[in-house]
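Chains, contacts and geometry: an overview
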Amino acid sequence: MDIKNAQLEVDNWIKNHGVRYFNELTNMAQLTEEVGEVARIIARRYGEQSEKESDKNKDLGEELADVVFVVLCLANQTGVDLQAAFDKKLDLKTKRDHDRHHNNEKLK
């Protein structure tokens, strides 16, 4: 599924199941919370912190999907065409970073 269709799916879900969007500030707080959950899994599973028994069954994919869902909500409610923005950003990064990363000694 492309981003544009994902935005439409989220909008349809909100209309059919969610009553309405939370306001932008609430969604920003929710996004911060979800990113924190991703960070916790990464820090404990792949970083130097030990993973608590209660965290071992946490699904990283599910938490990343929560982040994407809230980002799509924010894009919808602020009128951002995330597909266009992403395509533009990827083009910019491709032009700007190709040689820079290939010539970065730290990445070899």
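Residues numbered from 1 in each chain as written. Predicted model: local features only at pLDDT ≥ 70, side-chain atom pairs only at ≥ 80, totals over all residues. Heavy atoms only, no water.

A word on the nonpolar core
Selection rule: What we call a nonpolar core is a set of buried Ala, Val, Leu, Ile, Met, Phe, Trp, Tyr and Cys residues that are connected through their side-chain atoms within 4.5 Å. When a residue's accessible area, from a 1.4 Å probe over protein chains only, is under 20% of the maximum for its type it is buried; when over 50% it is exposed; and in between it is partly exposed. Numbering of helices and strands runs from the N terminus; a helix is a DSSP stretch of H or I covering at least four residues, while a strand is a stretch of E covering at least two. We call two residues in contact when some of their heavy atoms are within 4.5 Å.
Leu31, Val38, Ile41, Leu60, Val67, Val70 and Leu74 together form the largest nonpolar core, which totals seven residues. Listing elements by their share of this core, those giving two or more residues are α2 (24–45) and α3 (60–78). Looking at this core element by element, the count peaks at four residues for α3. Among residues more than four places away in sequence, those in contact with valine 67 are Leu31, Glu34, Val35 and Val38. Of all hydrophobic cores here, the second largest spans six residues; its members include Val10, Ile14, Tyr21 and Cys73.

Looking at the pattern of salt bridges
Applicable threshold: Salt bridges are defined by distance alone: a side-chain nitrogen of Lys or Arg within 4 Å of a carboxyl oxygen of Asp or Glu.
Tallied over the entire structure, the rule returns eleven salt bridges. Residue lysine 95 is joined to aspartate 91 by a salt bridge in which the shortest nitrogen-to-oxygen separation is 3.0 Å. Pair noted here: lysine 95 and aspartate 91 are both in helix α4 (residues 82–102), with a separation of four residues, about one helical turn. On the basis of relative accessibility, which here comes to 66%, the residue lysine 95 falls in the exposed class.

Overview of α2
Filter applied, for reference: Each helix should span, by expectation, one fewer than its residue count multiplied by 1.5 Å. As used in this structure description, the phrase polar contact means that two N or O atoms lie within 3.5 Å; if the pair is within protein, one of them must be able to donate a hydrogen and the other to accept it, and residues adjacent in sequence are counted only when both atoms belong to side chains.
With 22 residues, α2 should cover 32 Å at 1.5 Å per step; its first-to-last C-alpha distance of 31 Å lies within 8% of that length. What α2 keeps buried is the set Asn27, Leu31, Glu34, Val38, Ile41 and Arg44. Here the buried face of α2 lies against α3. One side-chain oxygen of the residue at the start of α2 lies 3.1 Å from the amide nitrogen of leucine 25, identifying that residue as asparagine 23.

Looking at the confidence of the model for the chain
The test is simple: A residue's pLDDT is the confidence the predictor assigns to it, expressed on a 0 to 100 scale.
Confidence in the prediction of the chain, expressed as mean pLDDT, is 95, and 100% of residues score 70 or more. Taking the mean pLDDT of every element in the chain, the minimum, 92, falls on α4 and the maximum, 98, on α3.

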